Amino acid sequence: MPAAATGARPLYTAGGMAAGSAAGIGLTTLVTLTLIGWVAAPHATFGEDIGDVFRVAVQAWLVGNHAGFAIPGGHVGLLPIGLLVLPGLLLYRSGRWLARSCHLPRLRHVFQAALALAGPYAAISGTLALVGQTEVVRPSMVQALASGFLLASVAGGLGVLRQLLKDKEIPWSRLLGIMPARPRSLLVGTLSATSTLLVSGALLFFAALLMSMREAVDVTQELAPGPVGGALLLVIQLLYLPNAVIFAMSYTVGPGFTVGADTIVAPTGVALGPLPQLPMLAALPESGAAPVASLVALAAPFVAGGVGGALTLRSAPTVVSEAAPLWGLVCGVTTGLACAGLSVLAGGSIGAERLAEVGPSAWQVGLITALEVGVSAAVVAWVANWLSFRPPAMPVYRPAPDKVRRSRSAASGGAPAELSGRLARAARRVPRPRAAAAADPDAPHGGDRGGDGAVPKPRPTEGGRRERRRPAAAVTAWWSRRRGGQDLDEDDAAGLFGISYEAGVGDAADRADGDEEAVSGDGGAAAADSPDRPASARTTRLKRLRFDDGASITFLSRRESGPETGADG
């Protein structure tokens with residue numbers, strides 16, 4: 001729907017306005033603080049020209065957006081990651097305003113809105129990098145463009161997404177369910193593995209700082225900053241805290257980091273030189289062999305790979321088992337790329353000479369992380385995928401020997417009184433013979449039951465031997481008769497199904513044991529010698545099926561033939 005039809009602003013126009021608002025609020029705040037400092041301090045500190053105050057505020061804004069600058073003899077690129085919080089919050093707020101001001105019907109328009117915000121913001125950053133140059137400080141225009149675009153894309157895009165989810169009443173928990181299965185699984189695996197590495201780095205740093213707390217207190221006492229200086233020193237260390245966590249993460253991966261030229265802090269050894277007077281640097285170990293306790297942190301990449309591989313295949317298992325390790329390896333590669341990007345963000349140089357190299361090596365951290373996390377993630381991903389497709393095991397009930405004996409006795413003669421639980425309930429469900437069935441041996445449900453209602457044993461034959469049924473022989477005889485078009489006889493039925501029948505032919509069977517009444521073909525009762533009907537031949541057949549448990553069923557069939565029909569009635 002066009003923006004004019006809904007009363008909304010055009011997307012790219014609103015994106016430029018949002019970028020200008022975010023940059024303007026931050027720059028105005030810094031200019032105000034700088035102007036206050038210029039008024040309170042001697043003019044020689046900032047220069048006699050009021051334009052120098054504006055240039056200092058612009059340089060501070062660029063540092064807050066993580067844009068480095070060059071100084072005579074070196075470059076300053078080790079900037080605190082904590083400073084990104086302030087411009088990030090402003091861009092997040094601008095992103096939400098952009099989503100409210102424009103017509104964004106679908107969630108996929110988040111990328112377009114983020115681009116509409118990031119482009120103008122990067123252009124503003126590049127312009128300010130040109131404006132803020134002086135003879136001493138020269139901000140990097142390339143770094144200003146890149147950092148401004150990435151920061152606006154991430155923070156502004158999150159603001160747009162948050163506002164769209166709120167407008168459409170979609171909770172954050174359902175956001176992953178909207179994504180395709182495979183990108184969602186890789187995103188979850190990569191974030192979980194990277195988070196595990198960062199948590200391990202944070203634990204290592206705080207543990208080292210806690211063990212070296214005495215040295216940190218001594219450094220603070222030597223500086224004697226005072227109340228205001230102490231607060232400022234604390235703020236600076238808090239802003240550099242994310243950098244320290246990433247440094248410790250590179251130590252757990254293996255390559256370690258440097259704190260100046262010809263220095264190294266790694267599990268293979270520690271070599272340090274003169275360090276700045278900063279209390280948080282007391283967490284660094286002394287030169288020599290790495291502390292033995294810190295070597296436990298080397299298991300962190302494999303734990304992270306296991307977590308990432310399990311979550312990658314848990315959310316989107318694959319039917320091809322050979323593909324599961326490959327997806328785990330892809331999770332390791334993406335985790336390595338994420339750790340390499342964090343290393344670039346956390347490291348840099350501080351001036352020239354000794355502190356020209358500070359931080360972890362991005363390519364080493366990325367490569368080793370991809371190998372360690374990828375191998376462990378591939379193994380765990382294969383196991384997780386196999387477990388997801390394994391059929392569930394059926395529970396096997398193994399009763400105790402005494403219960404087996406009781407169940408056998410219950411099956412043979414009834415459930416004992418002492419039985420309880422599952423076996424007693426099963427025994428009570430077994431049908432009991434009725435004692436009344438033994439009164440009439442020819443009753444439909446009586447038969448050959450004993451006086452106590454028990455099921456009789458097989459009847460003896462004429463030779464005195466008991467009747468034995470051979471299922472194999474009965475099946476063979478039944479099949480041969482079926483192929484020949486013959487009906488089953490009594491022996492076949494008894495052998496196959498445990499039933500037998502008796503048959504009788506004649507007028508005596510018309511009553512079916514004296515209880516059934518013969519019925520004529522037209523539905524009324526008639527005698528065989530009725531004068532109104534022509535003479536006909538009538539044959540009545542009685543069949544009684546007997547089962548092994550003594551029950552029986554009686555069938556009565558009648559066949560009539562006459563001169564008119566010439567067929568059965």
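Everything numeric here is computed off the predicted structure, so don't read it as measured data.

Caption draft 1: Spatial organisation of the overall build of the protein chain. Per the secondary structure count, the protein chain includes 18 helices and eleven strands. A burial count over the protein chain gives 36% of its 569 residues as buried. Within the protein chain, contacts between residues separated by at least 24 positions form 66% of all contacts whose residues are at least 6 apart in sequence. Only carbon and sulfur atoms are counted for the fraction: they give 63% of the accessible area of the protein chain, which is about 32,600 Å².

Caption draft 2: Representation of a nonpolar patch on the surface within the structure. Taken together, the side chains of Val-375, Val-379, Trp-382, Val-383, Trp-386 and Leu-387 define a hydrophobic patch exposed on the protein surface, amounting to about 570 Å² of accessible area. Residue class for Trp-386 comes out partly exposed when judged on its relative accessible area of 45%.

Caption draft 3: Seen up close, the layout of surface pockets. Size it by volume and the largest pocket reaches roughly 1,400 Å³. Mapped by element, the contributors of at least two residues to the lining of the largest pocket are helix 8 (181-211), helix 9 (213-223) and helix 11 (241-253). Per element, the largest residue contribution to the lining of the largest pocket is seven residues, and it comes from helix 8. Across the lining of the largest pocket, the residue classes tally to 36 nonpolar, five polar and two charged. What the second largest pocket holds in volume is close to 540 Å³. Lining the second largest pocket are 20 residues, and of these His-66, Leu-84, Ser-147, Leu-150 and Leu-345 lie nearest its centre. If you list the elements that add at least two residues to the lining of the second largest pocket, you get helix 4 (85-101), helix 6 (141-167) and helix 13 (323-346).

Caption draft 4: Geometry of the sheet that holds strand 3 (residues 138-139). The strand order 3-1-2-7 describes an open sheet built from four strands, whose pairing is antiparallel. Single-partner strands in this sheet number two, and they are strand 3 and strand 7 (350-351). As defined by bridge partners, strand 1 (residues 69-71) adjoins strand 2 (residues 74-76) across three bridges and the pair is classed as antiparallel. By the bridge assignment, Phe-69 is partnered in strand 2 with Val-76.

Caption draft 5: Fine view of the pattern of salt bridges. A complete count under the given rule lists one salt bridge for this structure. Linking Arg-214 and Asp-218 is a salt bridge whose minimum nitrogen-to-oxygen distance equals 3.9 Å. Separated by four residues within a single helix, Arg-214 and Asp-218 lie in helix 9, roughly one turn from each other.

Caption draft 6: View of unusual backbone geometry. Even without being a glycine, His-66 presents a positive backbone phi close to 65°. Checked against the element boundaries, His-66 lands in the loop between helix 3 (50-64) and strand 1. You can call His-66 buried: its relative accessible area is 8%. Of note, Asp-262 is a non-glycine position whose phi angle comes to about 60°, a positive value. Take Asp-262: it is sitting in the loop between strand 4 (258-259) and strand 5 (264-266).

Caption draft 7: Representation of the packing of aromatic side chains within the structure. Throughout the structure, instances matching the rule amount to three aromatic pairs. With 5.8 Å between their ring centres and 50° between their planes, Trp-61 and Tyr-121 make a pair best called tilted. Residue Trp-61 is found in helix 3, and its partner Tyr-121 is found in helix 5 (residues 109-131); the two are separated by 60 residues along the sequence. Geometrically, the ring pair formed by Phe-247 and Phe-257 is tilted, given 5.2 Å between the ring centres and 35° between the ring planes. Taken as a pair, Phe-247 in helix 11 and Phe-257 in the loop between helix 11 and strand 4 lie far apart in primary sequence, ten residues in all. The exposure class assigned to Phe-247 is buried, which follows from its relative accessible area of 12%.

Caption draft 8: Structural view of helix 3. Taking 1.5 Å per residue, 15 residues should reach 21 Å; helix 3 reaches 22 Å between its end C-alpha atoms and fits that length. Every buried residue belonging to helix 3 is among Val-53, Ala-57, Val-58, Gln-59, Trp-61, Leu-62, Val-63 and Gly-64, and all of these are buried. Two residues or fewer after helix 3 comes His-66, characterised by a positive phi angle close to 65°.

About the thresholds
Residues numbered from 1 in each chain as written. Predicted model: local features only at pLDDT ≥ 70, side-chain atom pairs only at ≥ 80, totals over all residues. Heavy atoms only, no water. Helix = DSSP H or I, 4+ residues; strand = E, 2+ residues; numbered from the N terminus. Buried < 20%, exposed > 50% of the residue type's maximum accessible area, 1.4 Å probe, protein only. Contact = heavy atoms within 4.5 Å. Areas by Shrake-Rupley, 256 points an atom, 1.4 Å probe, with all protein chains shown as cover. Patch = residues over 30% accessible without salt bridge, like charges linked within 9 Å, V, L, I, M, F, W, Y side chains within 5 Å. Salt bridge = Lys/Arg side-chain N within 4 Å of Asp/Glu carboxyl O. 1 Å grid on protein atoms, 1.4 Å probe; cavity = no way out; pocket = protein on both sides within 12 Å on 5 of 7 lines; lining within 4 Å. Points joined across faces, edges and corners; volume = space filled by probe spheres on them. Nonpolar A, V, L, I, M, F, W, Y, C, P; charged D, E, K, R; others polar. Pairing = 2+ DSSP bridges. Phe/Tyr/Trp six-rings, centres within 6.5 Å; stacked < 30°, edge-to-face > 60°. Expected span 1.5 Å × (residues − 1).

Take it as geometry only, folks, not as evidence of what the structure does.
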